[in-house]
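# Summary of structural features
Listed below, chain by chain, are the residues.
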Amino acid sequence: MKNISLKEFYRNKKVLVTGHTGFKGSWMCQSLLELGACLCGYSLEYPTIPALFEMLDLKHHMNSIEGDIRNTESVIRTVKEFKPDVLFHMAAQPIVLESYKNPVYTYETNVMGTVNVMEAIRKCDTVESVVNITTDKVYKNNEWCWGYREDDRLNGYDPYSNSKSCSELVTSSYKNSFFDERELPVSTVRAGNVIGGGDFAADRIIPDAYRAACKNQNVRIRSPYSIRPYQHVLEPVFAYLLLAAKQAQKFEVAGSYNIGPESGNCVTTLEIVTKFCERWGNIKAEYIAVHTAHEAQFLKLDCSKFKQTIGWKPLWGIDEAVDKTVEVYQAIAGGQDVKGKVQEQIGKYMKQYSMTEKENGKDGTEI
């Protein structure tokens, strides 16, 4: 497969992102704008206050539509009217603990939301590439010491994880029933835990660490020895962008993929919080014993398929990921230019990506 330039592919490309007002959606939208895309987003209003989406002033640089992914007619109308070339489905109820409190809403959003998006795509003939972003938690968790592969059994334990397993199955059914016959490439991507500046969600350890740091308090940890595949948010964002571009060139590339860090960067909650505290300064991790809902203790991904098929590999290890995360959070806390800092990090990532491709002897891959 010929290597491609992401700037060439996305320049003036009509791209629709569901869930664009969320943390990962905001990083995705800013990255697409840097690549020159014509951008439309469909989502509920900001999921948190403050919100990175607002800090980046994204609504003034794209077509931002406020709508509920559970509303079938609204989703179909949005896709029909915008006529996207590429669609990234990121809208979700993304928090495990919240799914225990509101399982019905979680299933409605994550399962029927996916059905609505797939149905909208079925009724739109302009779409040439689709990526549905799910989670590493779609697998039946056996607490294995090795990474899950794409053909391992899907059956997430909690309502969030299970609803994302269902989203995978919905996508597969639409592929088999409607999209394969028109050679529309549709992929699902199972990404590990992402970190990065600007995440303000409840019940996530890095946002919790940021809130504690702003109060000059120690960071309280519920499950210090849980191991997760932490990665900077730009790693999966550019993996999604690359996948959508490459499968648009070659239909056979489409499939289900894991996206995660190298094995050595899968760390415990205690380790990543300790790194955060050291980088921030004057705070430390503090374990608290509390009863909480079930969550997997060990989770790791085997990303060999994506590396071999797409030619991608992670660029930033856990230390650099934490450094970049704290850098943006401290800009936020200090009232500095957050958008400029985010753009700077996107620029550094794109430059490093291009340099890595050239070092590997690949031509035409400049972002």
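Structural data are supplied above this passage.
### Structural notes on helix α4 (residues 72–82)
Residues S74, V75, I76, T78, V79 and F82 constitute the buried set of α4. The inward-facing, buried residues of α4 contact β1 (14–18), β2 (38–43), β3 (63–66), β4 (86–89) and α6 (103–122). Two or three places before E73, at the start of α4, stands the capping residue N71, its side-chain oxygen 3.3 Å from that residue's backbone nitrogen. Within two residues after α4, K83 carries a phi angle of roughly 55 degrees, on the positive side.

### Digging into the packing of helix α8 (residues 205–214) against helix α12 (residues 318–333)
Contact geometry for α8 and α12: axes closest at 11 Å, N-to-C directions at 45 degrees. On the basis of the axis angle, α8 is oblique to α12. Pair α8 / α12 crosses with right-handed handedness. Across the interface between the two elements, I206, P207, Y210 and C214 of α8 pack against T325, Y329, I332 and A333 of α12. In terms of residue class, the contact of α8 with α12 is built from 7 nonpolar, 1 polar and no charged.

### Quick notes on the environment of M355
Turning to its location among the elements, M355 is positioned in helix α13 (residues 338–359). Separated by 246 residues in the primary sequence, M355 and T109 place their C-alpha atoms 40 Å from one another.

### A few points about the sheet that holds β3
On the basis of which strands lie adjacent, the open sheet formed by 7 strands has the order β3-β2-β1-β4-β5-β6-β11 and parallel pairing. Two strands lie at the open edges of the sheet, namely β3 and β11 (256–259), each paired on one side alone. Here the average twist between neighbouring strands, direction ignored, is 20 degrees. Bridge analysis of β4 against strand β5 (residues 129–133) gives 4 bridges, and the strand direction is parallel. From the neighbouring strand, H89 faces β5, where its bridge partner is N132. Sheet contacts for helix α7 (residues 159–179): β5, β6 (186–191) and β11; angle to β6, the most-contacted strand, approximately 165 degrees.

### Let's talk about the environment of R279
For R279, the location among the structural elements is in helix α10 (residues 269–280). Classification of R279 as partly exposed rests on a relative accessible area of 32%. Remark: the alpha-carbon pair of R279 and V322, spanning 43 residues in sequence, is separated by 7.8 Å. Discounting chain neighbours no more than four positions away, the residues touching R279 are D323, V326, E327 and Q330.

What counts and what doesn't
- Residues numbered from 1 in each chain as written.
- Predicted model: local features only at pLDDT ≥ 70, side-chain atom pairs only at ≥ 80, totals over all residues.
- Heavy atoms only, no water.
- Buried < 20%, exposed > 50% of the residue type's maximum accessible area, 1.4 Å probe, protein only.
- Helix = DSSP H or I, 4+ residues; strand = E, 2+ residues; numbered from the N terminus.
- Contact = heavy atoms within 4.5 Å.
- Polar contact = N/O pair within 3.5 Å; in protein donor to acceptor, adjacent residues only side chain to side chain.
- Axes fitted to C-alpha atoms, helices over the stretch in contact; angles between N-to-C directions.
- Parallel < 35°, antiparallel > 145°, perpendicular 65-115°, else oblique.
- Left-handed = near helix turned anticlockwise from the far one by under 90°.
- Nonpolar A, V, L, I, M, F, W, Y, C, P; charged D, E, K, R; others polar.
- Pairing = 2+ DSSP bridges.

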